[in-house]
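Summary of structural features
If you want the building blocks of each chain, they are given just below.
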Amino acid sequence: MAGPSIDALGQFRLSTGLGPLGAAVNFTNSNEAMLASAAIIVVLFVLGLRSRAIVPGRLQALIELLYEFVRNMCVDTIGEEGLRFFPLVFTLFSFILLGNLLGLFPYFFAFTSHIAVTLSLALFVFVFSTGVGFYTHGFRFFKFFVPEGVPVWLLPLLVPIEIISYLSRPVSLSVRLFANMTAGHVMWEVFAGFMLLLTASFGILGAFASVVPLGLNVALVALELLVAGLQAYVFAILTCLYLHDAVHMH
Amino acid sequence: MIRRTAFALALSMVPAAAMAEGTMPQMDFQNPLTASQVVWMAVILVVLYLTLSRWGLPQIGSVLENRERQIARDLEAAHAAKAAADRAVAELNATMKQARDKAQADIAKAEVESKAKAFADAKVLNDKLDAQLAYSENQISEARIAALAAIKPVAADVATTLMARLTGKTPDEATLTPEIDAALLARQAA
């Protein structure tokens, strides 16, 4: 059958980026977006730090705002020890935030909609926070799985539950980000494709009717903007929470 | 055609169904690019982390610290200036109070002095006037006595002449003199 069809998943297909050189080292189009995100962050810092003014300009105020936002998040969630992890949390937060926001633009690849990417990030956070826990507390960190003030006979039930909930952290952390981004982008594509379908099926009448999916897509832009910021924040604050658990064990 | 549109409508309502339509590229772990993007992400993230933690974040930290220090310094200077101003105002008030007190004391002293001087002057004047008054009274009484003394022979003469003219007899001087004295005394008393 001729005519347009909805290919909602084509936008997630990986290809090689950066020309033949990138293809030779399997540099993908998602890595292009990652590179762009990292470059934007660094450029923001370079531009924002140009004047180092007492009364900041717009760009300086922007990076100072980001800096203090993430810093306060670290200190409030982890405690004073959180300052050690501040650069790490800032890197993750800004990287994911820029990735989410860049993914909203047409022709930009939303790398946070790839489970391989989010799972890798989540596994890194998981392994890192567990490592911090063992580094800080030694083998006493195993006590983290034994809830305090619980009758002994309940422990055989509770300890496996605690361990399972601990092990499921990277899964929930990664799937949350991946599913949110993927769902949003799929909905966009579906509504946009639906406009083409309506026009192809009902001619001029369908073209008028496609105002409805267009309006929905406009509303979705606002929603996705919120989701992009919110999911980056959720990822960062959960990273802080896991680090808090590793440092304080409760 | 209509069935197809209805299908698309259903798809748009349930995005999950749209994903199930084909295989998701995200789940295609056979694709070497799925793994390679993670490797490149690791490289990009390490570079970004090193850039931010070694350069970017400390720089912003120092900018913020500078601002905080500057604000603290300015506040301190403002506090010092205010304290100095307060001290100057207190000093000014004290000086003004002192000057006012001194002026009032001077005024009171001058008043007392001038009162005393006026009093003394008035006393001197009064004494002088009293002395003059006494002297004048004295003179008046002397003149009066003299006048009275002069009146006696005249009265005797007048009485003798009157008597001689009226009666043709010259009165006896021995009887006349006490009578005249008594009449004069009676006048003087009146």
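Residues numbered from 1 in each chain as written. Chains lettered and ligands numbered in written order. Predicted model: local features only at pLDDT ≥ 70, side-chain atom pairs only at ≥ 80, totals over all residues. Heavy atoms only, no water.

1. With respect to the overall build of chain B
From N to C terminus, chain B includes four helices and zero strands. Along chain B, helices (α) and strands (β) appear in the sequence α-α-α-α when read from the amino end. In chain B, which comprises 190 residues, the proportion classed as buried is 18%. Surface accessibility of chain B: about 14300 Å² in total, with carbon and sulfur atoms responsible for 65%. (Helix = DSSP H or I, 4+ residues; strand = E, 2+ residues; numbered from the N terminus. Buried < 20%, exposed > 50% of the residue type's maximum accessible area, 1.4 Å probe, protein only. Areas by Shrake-Rupley, 256 points an atom, 1.4 Å probe, with all protein chains shown as cover.)

2. So, the overall build of chain A
If you tally the helices and strands in chain A, you get eight helices and zero strands. For chain A, the N- to C-terminal ordering of α and β elements is α-α-α-α-α-α-α-α. Rg of the C-alpha trace for chain A: 22 Å, well past the compact-globule value of 18 Å for 250 residues, more than 25% over. The C-alpha extent of chain A, read off along each of the three principal axes, is 70 × 55 × 40 Å. Per-residue burial over chain A gives 47% buried out of 250 residues. Of the contacts made within chain A by residues no fewer than 6 positions apart, 68% connect residues no fewer than 24 positions apart. Per element, the accessible surface of chain A, about 12200 Å² overall, is 74% carbon and sulfur. Charged side chains of chain A number 10 positive and 12 negative; the gap between the two group centres comes to 6 Å. (Rg over C-alpha atoms; globule rule 2.2 N^0.38 Å. Contact = heavy atoms within 4.5 Å. Lys, Arg positive; Asp, Glu negative; His and termini not counted. Charge placed at Lys NZ, Arg CZ, Asp CG, Glu CD.)

3. A word on the layout of surface pockets
All names here are of chain A. Taken as a whole, the largest pocket encloses approximately 580 Å³ of empty space. For the lining of the largest pocket, the secondary-structure elements that each account for two or more residues are α2 (29–48) and α7 (169–209). For the lining of the largest pocket, the element with the highest residue contribution is α7, accounting for six residues. (1 Å grid on protein atoms, 1.4 Å probe; cavity = no way out; pocket = protein on both sides within 12 Å on 5 of 7 lines; lining within 4 Å. Points joined across faces, edges and corners; volume = space filled by probe spheres on them.)

4. A few points about helix α3 (residues 58–78) of chain A
Over its 21 residues, α3(A) runs 30 Å from end to end, which matches the ideal 30 Å to within 8%, given 1.5 Å per residue. Turning to α3(A), its buried residues number three or more, namely A:Gln60, A:Ile63, A:Glu64, A:Leu66, A:Tyr67, A:Val70, A:Met73, A:Cys74, A:Thr77 and A:Ile78. For α3(A), the elements touching its buried residues are α2, α4 (86–103) and α8 (211–248) of chain A together with α3 (32–167) of chain B. (Expected span 1.5 Å × (residues − 1).)

5. Considerations on the confidence of the model for chain A
Considering every residue of chain A, the mean pLDDT works out to 92; 98% of them sit at 70 or more. Mean pLDDT per element in chain A: helix α1 (residues 19–24) of chain A is the minimum at 89, and α4(A) is the maximum at 96. (pLDDT = per-residue confidence, 0-100.)

6. Observations concerning a nonpolar patch on the surface
All names here are of chain A. Where nonpolar side chains cluster on the molecular surface, the patch consists of Phe69, Leu223, Leu226, Leu230 and Tyr233 and spans about 450 Å² of accessible area. The dominant element in the nonpolar patch, judged by the number of residues it contributes, is α8, at four residues. With respect to the helices, strands and loops of the structure, Tyr233 is situated in helix α8. In this structure Tyr233 comes out as partly exposed when scored by relative accessible area, which is 31%. (Patch = residues over 30% accessible without salt bridge, like charges linked within 9 Å, V, L, I, M, F, W, Y side chains within 5 Å. Salt bridge = Lys/Arg side-chain N within 4 Å of Asp/Glu carboxyl O.)

7. A few points about empty space enclosed by the protein
Empty pockets left among the atoms are what a rolling probe the size of a water molecule brings to light. All names here are of chain A. On inspection of all chains with the given rule, the structure shows one cavity of 30 Å³ or more. Counted as a void, the largest cavity has a volume near 50 Å³. Looking at the largest cavity, the residues that line it are Ile41, Leu44, Phe45, Ile63, Leu66, Phe90, Ser94 and Leu98. Taken together, the elements giving at least two residues each to the lining of the largest cavity come down to α2, α3 and α4. Here the residues of the lining of the largest cavity are counted per class, giving seven nonpolar, one polar and no charged. (Nonpolar A, V, L, I, M, F, W, Y, C, P; charged D, E, K, R; others polar.)

8. Some details on the interface of chain A and chain B
With 61 residues of chain A at the interface, the matching set in chain B holds 45 residues. For the pairing of chain A and chain B, the buried interface totals around 4700 Å² over both sides, and the portion due to carbon and sulfur atoms is 77%. Two residues, B:Arg67 and A:Glu64, come together in a salt bridge whose shortest N-O distance is 2.8 Å. Here the element with the most residues in the side of chain A that touches chain B is α7(A); it accounts for 12 residues. Looking at side-chain class alone, the side of chain A that touches chain B contains 42 nonpolar, 15 polar and four charged residues. (Buried area = accessible area lost by both parts, 1.4 Å probe.)

9. A word on the packing of aromatic side chains
All names here are of chain A. Per the stated rule, a full pass over the model turns up 19 aromatic pairs over all chains. Aromatic pair Phe69 and Tyr233: ring centres 5.7 Å apart, planes at 35°, arrangement tilted. Here the residue Phe69 occupies a position in helix α3, and Tyr233 occupies one in helix α8, the gap between them amounting to 164 residues. Relative to Phe108, the ring of Phe105 lies with its centre 6.2 Å away and its plane at 65°, an arrangement referred to as edge-to-face. Taken together, the ring pairs connect Phe126, Phe134, Phe139, Phe141, Phe142, Phe144, Phe145 and Tyr166 into an aromatic cluster. (Phe/Tyr/Trp six-rings, centres within 6.5 Å; stacked < 30°, edge-to-face > 60°.)

10. A look at the confidence of the model for chain B
Low pLDDT marks stretches whose predicted atomic positions should not be read closely. Residue and element names in this part refer to chain B. Mean pLDDT for chain B: 86, with 88% of residues reaching 70 or above. When pLDDT is averaged over each helix and strand of chain B, the minimum, 46, is found for helix α2 (residues 15–21) and the maximum, 93, for α3. The ipTM value of the predicted complex is 0.92, and its pTM value is 0.75.

11. Section: the side chain of A:Thr112
With respect to the helices and strands, the residue A:Thr112 is situated in the loop between α4 and α5 (115–137). Excluding residues within four positions of it along the chain, A:Thr112 makes contact with A:Ile96, A:Gly99, A:Asn100, A:Thr118, A:Leu177, A:Phe178 and A:Met181.

12. Thoughts on the packing of α3(A) against α3(B)
At a closest axis distance of 10 Å, the pairing of α3(A) and α3(B) adopts a crossing angle of 100°. By the criterion of interaxial angle, the relationship of α3(A) to α3(B) is roughly perpendicular. Note on element contacts: α3(B) touches α3(A) through B:Leu57, B:Ile60, B:Gly61, B:Val63, B:Leu64 and B:Arg67, opposite A:Gln60, A:Ile63, A:Glu64, A:Tyr67 and A:Glu68. Split by residue class, the contact of α3(A) with α3(B) holds six nonpolar, two polar and three charged. (Axes fitted to C-alpha atoms, helices over the stretch in contact; angles between N-to-C directions. Parallel < 35°, antiparallel > 145°, perpendicular 65-115°, else oblique.)

13. What to know about the state of the cysteines
Working definition: the covalent bond between the sulfur atoms of two cysteines is a disulfide. Residues and elements named next belong to chain A. For the structure on display, the rule yields zero disulfides over all chains. With no disulfide of its own, Cys74 has Cys240 as its nearest cysteine by sulfur position, at a separation of 4.1 Å. Here Cys74 falls in the buried class, since its relative accessible area comes to 0%. (Disulfide = S-S within 2.5 Å.)

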